[in-house]
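# An overview of the molecular structure
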Amino acid sequence: MLKGRSLIEPMDLSLEELDELLNLAGKIIENPSAYADVCKGKILATLFYEPSTRTRLSFEAAMLRLGGSVMGFSSADSSSAAKGESVADTIRTIACYADIAAMRHPKEGAPMVAAMSTDMPVINGGDGGHQHPTQTLTDLLTIRTLKGRLDNFTIGLCGDLKFGRTVHSLIKALSRYDNIKFVLISPEELRIPDYIREEILIKNKIEFKEVERLENVMDELDVLYMTRVQKERFFNEADYIRLKDSYILDSEKMKSAKSDMIVLHPLPRVNEISTEIDSDPRAAYFKQAKYGMFVRMALIMELLGVEI
Amino acid sequence: MLKGRSLIEPMDLSLEELDELLNLAGKIIENPSAYADVCKGKILATLFYEPSTRTRLSFEAAMLRLGGSVMGFSSADSSSAAKGESVADTIRTIACYADIAAMRHPKEGAPMVAAMSTDMPVINGGDGGHQHPTQTLTDLLTIRTLKGRLDNFTIGLCGDLKFGRTVHSLIKALSRYDNIKFVLISPEELRIPDYIREEILIKNKIEFKEVERLENVMDELDVLYMTRVQKERFFNEADYIRLKDSYILDSEKMKSAKSDMIVLHPLPRVNEISTEIDSDPRAAYFKQAKYGMFVRMALIMELLGVEI
Amino acid sequence: MLKGRSLIEPMDLSLEELDELLNLAGKIIENPSAYADVCKGKILATLFYEPSTRTRLSFEAAMLRLGGSVMGFSSADSSSAAKGESVADTIRTIACYADIAAMRHPKEGAPMVAAMSTDMPVINGGDGGHQHPTQTLTDLLTIRTLKGRLDNFTIGLCGDLKFGRTVHSLIKALSRYDNIKFVLISPEELRIPDYIREEILIKNKIEFKEVERLENVMDELDVLYMTRVQKERFFNEADYIRLKDSYILDSEKMKSAKSDMIVLHPLPRVNEISTEIDSDPRAAYFKQAKYGMFVRMALIMELLGVEI
């Protein structure tokens, strides 16, 4: 039972709590209308100190689909932050009005400070490097729903593995399950940080390999998680030209993939997945966006202690 | 039945479909409380890539008055557009969260692209030159309600007839009905474009005349549709000074108008209608704003396939 | 009965009307769930021409907690104001969509103009010098609820008493009750304006004194109302250095206060109340924020003429 808690870090939930949450999300997916009024009379505050339409609307839709209401702001300009108020004071005031809050903040740790300053549940909707636990929950729910399990599969993580927090969180989360094999696909300069390699993968004796080209490993993967590689991240132009096509998923590369592989992406994408893939049944990134809403519905219910 | 369709161009509806829509709007006007819950559990996304308070709030009020919910953004700053996401991807994501969307976009064609990228109904809330079909629907509902018919009348269109898309759409829409006579009142340099004159009016043998001064034709009109004439549109200062008062509606001009003439304006107005007219029973522009909400209620119901 | 009226100035309500309003707020506090649906189907428009998250969200939460809906804008950028529309025209249009409006506007008198232009109730959410009657109502409800009465007590008002409209409004409001004694604590250059001293206090033979140091009068107070003193307001640096600590409330000063004194602050605070006070049971400023929502619930109900 998560009632009254906050969710700040992806690893804030035990395996059991996570399981309970994903089970609830699964039930909502099966019969959403049964949950259409469970949060009637409850208010979600979306406190977005920097804009993120996708994340904000996912939270808002989740609350509205539970019959609750939403209020808040979508950029720091329209908040009291300009008047020099502390995050702690803001959240204490918001707690007078709302029942639960989702916060995105450019400063790392702000949602944590908020959570510690109030009894109202606070959900981290992204801070600093844009760590946000609900993206990881979304990824887990998507894999579990589409693959039927969270263990015993090979996942390829492709793109910028150095700066991509989404990827780091997902590796940590999946490393708690049995027999997950990681294939880490990135240019040399964008490999996963040492602390992930040593502290998570090697320490826990998890099977993984690091490769430079996506096309060479396509046929091994049960799940392919794509992220963007920005040109600015490369050390030199030559490397970029040599490698850039390796990190763009197209029909050609999909030919060698398993027939039941699924392709995920946290969105928004720019060009790292060719739109020709969109109609491939293995393309699951828009389903993933939908699951993002469902897992937030489950999360809001759990943190509010609302039951059907 | 419009269920599942989008509305991008004012002429997207057949006369029969339009009739059905206006009939429904008429029923809502008579008994709004009967429709207060028909969209319970449905979500409208208002995707405004450029601000338009009036249009956005009209859509939002329409959905709220049907018992539905609303979410979205009111300027591009707070949207994901800044991250380089395509309109197609944005709408596919929004379709995971919402049931219907109203989109305003500075780029002509964007709502069309959006509509083609999703099964969710998309309503064009204005693109590029601010063509938006719900303004035309508003105008039609207003005339039909206040005059009792959409045929057999003389309508004066006054102001900037060259750049005013609202006027172009209204001419096209009304030209489908019997015995509408158009009186086109504008300075020489702001006359209706040739394609409207040739392709719509002359081709369909519709009676019309073009005049320069409003005061000369007031007594002929059943409906007067005012729009603003911006000083910058005139070719020379002398013309502007000579004509500007002709395009300002005041009590003096109203004296020669029929007692049951109605004055419409898409709003916002600046000074083209003197506020002294506001209390004249023939001034119908605020009623028109109200009908704008009612026609959007009907439209949302039709596109969602919701019935009472 | 306030049905159909607007609230522009704090003194717009008679003592009887105020009493009725505060009584209703009291009932809502006792049993909020009894009021959870009374505004179902009603729409509040929040028209914020300048940002004020706290005030806006307080209004929105109030309406949502009554079962109503909310729409609006949170800064002038996303409003039609940019197109040169008058406040009168805007409010007439909004009145087509909404049932009641809360307006904040940088120009003094704008909410008054709005109220005079429509039959829809308009609540002043702050104009110009940020006079807003709902802050005064909040202060009154807080004192009445926590002290059990609005007469027979000593209130200290501390900080910038010259420019702080909140303080002026509260003095005027409390001067209508019996046996209120005012202790006015401020630096010489920030004393209350003459018109408050002469027209309100002296004219009505109300007991008051003006002092420079908070620490000297702490033990006399039943209520302490803190406001911020900005450095820029001082005439000279020496005065600022000599006095600044006098206007910061800390644990040390609280030692000499009565055990049942309450500390109020309109928020946001910067450093004028040390956070070490927050856990002191006499610190009532976050309760005050909560009462602000309750009094707005009562106000919306009264102006809409909604009954339980």
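Residues numbered from 1 in each chain as written. Chains lettered and ligands numbered in written order. Predicted model: local features only at pLDDT ≥ 70, side-chain atom pairs only at ≥ 80, totals over all residues. Heavy atoms only, no water.

### With respect to the sheet that holds strand 4 (residues 122-127) of chain B
All names here are of chain B. In plain terms, the rule: A pair of strands counts as paired when DSSP detects no fewer than two bridges linking them. The helix count covers DSSP runs of H or I at least four residues long, the strand count covers runs of E at least two residues long, and both are numbered beginning at the N terminus. Axis definition: a line fit to C-alpha positions, over the contact stretch in the case of helices; interaxial angles, taken between N-to-C directions, run 0 to 180 degrees.
Taken in spatial order, the 4 strands make up an open sheet running 2-1-3-4, and their pairing is parallel. Both outer strands of the open sheet, strand 2 (69-73) and strand 4, are each paired with one neighbouring strand and no more. Each adjacent strand pair in this sheet contributes to an overall mean axis angle of 15 degrees, direction not counted.

### A short note on the relation of the copies chain B and chain A
Inclusion rule: Overlaid copies result from least-squares superposition on C-alpha atoms, with residues included only where pLDDT is at least 70 in both.
Take chain B, turn it by 120 degrees, move it 0.0 Å along the axis, and it overlays chain A with an RMSD of 0.0 Å. In the structure described here, the two chain copies are related by an operation that fits a three-fold rotation axis. No C-alpha of chain B lies nearer the rotation axis than that of Ser69 of chain B, which sits 5.0 Å from it.

### Let's talk about the packing of helix 3 (residues 87-97) of chain A against helix 2 (residues 53-65) of chain C
This is how the line gets drawn: Angle categories are assigned with fixed cut-offs, so that under 35 degrees is roughly parallel, over 145 is roughly antiparallel, 65 to 115 is roughly perpendicular, and the rest are oblique. Each crossing gets its hand from how the near helix is turned against the far one by less than a right angle, where anticlockwise is left-handed and clockwise is right-handed. In what follows, residue pairs with any heavy atoms lying within 4.5 Å of each other are defined as contacts. Three categories are distinguished: nonpolar for Ala, Val, Leu, Ile, Met, Phe, Trp, Tyr, Cys and Pro, charged for Asp, Glu, Lys and Arg, and polar for the others, with Gly belonging to the last.
Remark: helix 3 of chain A packs on helix 2 of chain C, axes separated minimally by 9 Å, with the N-to-C direction vectors making an angle of 20 degrees. It follows that helix 3 of chain A is roughly parallel to helix 2 of chain C by the angle criterion. Here helix 3 of chain A runs over helix 2 of chain C; the crossing is right-handed. Contact with helix 3 of chain A, carried on its side by Thr93, Ile94 and Tyr97 of chain A, involves Arg54, Leu57, Ser58, Ala61 and Arg65 of chain C of helix 2 of chain C and no other residues of that element. A class-by-class count of the residues in the contact of helix 3 of chain A with helix 2 of chain C yields 4 nonpolar, 2 polar and 2 charged.

### Things to note about helix 1 (residues 15-30) of chain A
Residues and elements named next belong to chain A. In plain terms, the rule: Helix span, as expected, comes to 1.5 Å for every residue beyond the first. Partly exposed residues are those whose accessible area sits between 20% and 50% of the maximum for their type, while under 20% is buried and over 50% is exposed, using a 1.4 Å probe and protein chains only. The directions considered for the arc run from the helix axis to the C-beta atoms.
Helix length check: helix 1 (16 residues) gives 22 Å between terminal C-alpha atoms against 22 Å at 1.5 Å per residue, within 8%. Among the residues of helix 1, Glu17, Leu18, Leu21, Leu22, Leu24, Ala25 and Ile28 are the ones counted as buried. For helix 1, the buried positions fall inside an angular range of 155 degrees around the axis, keeping them on one side. Of the exposed residues in helix 1, those oriented more than 90 degrees away from the buried face are Glu16 and Glu30. In this structure, the buried side of helix 1 is in contact with helix 5 (133-147) and helix 10 (285-304).

### Thoughts on the sheet that holds strand 9 (residues 262-264) of chain B
Residues and elements named next belong to chain B. Taken in spatial order, the 5 strands make up an open sheet running 7-6-5-8-9, and their pairing is parallel. With one partner strand each, in any of the chains shown, strand 7 (208-211) and strand 9 form the two edges of the open sheet. When the angles between neighbouring strand axes are averaged without regard to direction, this sheet yields 20 degrees. Both strand 5 (residues 153-158) and strand 6 (residues 180-185) contribute to a ladder of 6 bridges, which runs parallel. Each bridged residue has a counterpart across the sheet, and for Thr154 the counterpart in strand 6 is Lys181. With respect to the sheet, helix 6 (residues 165-174) is in contact with strand 5, strand 6 and strand 8 (223-226), its orientation differing from that of strand 5 by roughly 165 degrees. With respect to the sheet, helix 7 (residues 194-202) is in contact with strand 6 and strand 7, its orientation differing from that of strand 7 by roughly 155 degrees.

### A closer look at the interface of chain B and chain A
Inclusion rule: In short, buried area is how much 1.4 Å probe accessible area vanishes from two parts on joining, totalled over both. Just to be clear on terms, a salt bridge is a Lys or Arg side-chain nitrogen sitting within 4 Å of an Asp or Glu carboxyl oxygen.
The interface is formed by 23 residues belonging to chain B together with 23 residues belonging to chain A. Here chain B and chain A share an interface that buries about 2000 Å² over both sides, 52% of which is from carbon and sulfur atoms. Taken together, the connections running from chain B to chain A amount to 5 salt bridges. A salt bridge links Asp37 of chain A to Lys40 of chain B; the shortest N-O distance between them is 3.2 Å. Of all elements in the fold, only strand 2 and helix 3 (87-97) of chain B reach the threshold of two or more residues within the side of chain B that touches chain A. Ranked by the residues each element gives to the side of chain B that touches chain A, the list is headed by helix 3 of chain B, at 7 residues.

### Focus on the pattern of salt bridges
Under the definition given, this model contains 76 salt bridges over all chains. Two residues, Lys147 of chain B and Asp260 of chain B, come together in a salt bridge whose shortest N-O distance is 3.7 Å. Of this pair, Lys147 of chain B sits in helix 5 (residues 133-147) while Asp260 of chain B sits in the loop between helix 9 (251-254) and strand 9, and the two are 113 residues apart along the sequence. Exposure remark for Lys147 of chain B: the relative accessible area of 13% places this residue in the buried category. Given a relative accessible area of 45%, Asp260 of chain B falls into the partly exposed group. Connected through salt bridges with shared partners, the residues Glu188, Arg191, Asp194, Arg197 and Glu210 of chain A form a single ionic network.

### Notes on the UniProt feature "binding site: carbamoyl phosphate" (unreviewed entry) in chain A
Residues and elements named next belong to chain A. Heads up, the rule is: UniProt positions are given in the numbering used here, feature names are shortened, and annotations may be inferred rather than shown by experiment.
In the numbering used here, UniProt assigns the feature "binding site: carbamoyl phosphate" (unreviewed entry) to Arg54, Thr55, Arg104, His132, Gln135, Leu267 and Pro268. Here Arg54 is to be found in helix 2 (residues 53-65). Under the relative-accessibility criterion, Arg54 is labelled buried at 11%. With respect to the helices, strands and loops of the structure, Gln135 is situated in helix 5. Using a relative accessible area of 11% as the deciding quantity, one classes Gln135 as buried. Not counting residues up to four positions away in its chain, the partners in contact with Gln135 are Thr166, Tyr225, Pro266, Gln288 and Arg296.

### Some points on the side chain of Ser6 of chain A
Its place among the elements puts Ser6 of chain A in the segment before helix 1. Those residues in contact with Ser6 of chain A, other than ones at most four positions away along the chain, are Asp12, Ala115, Met120, Pro121 and Val122 of chain A.

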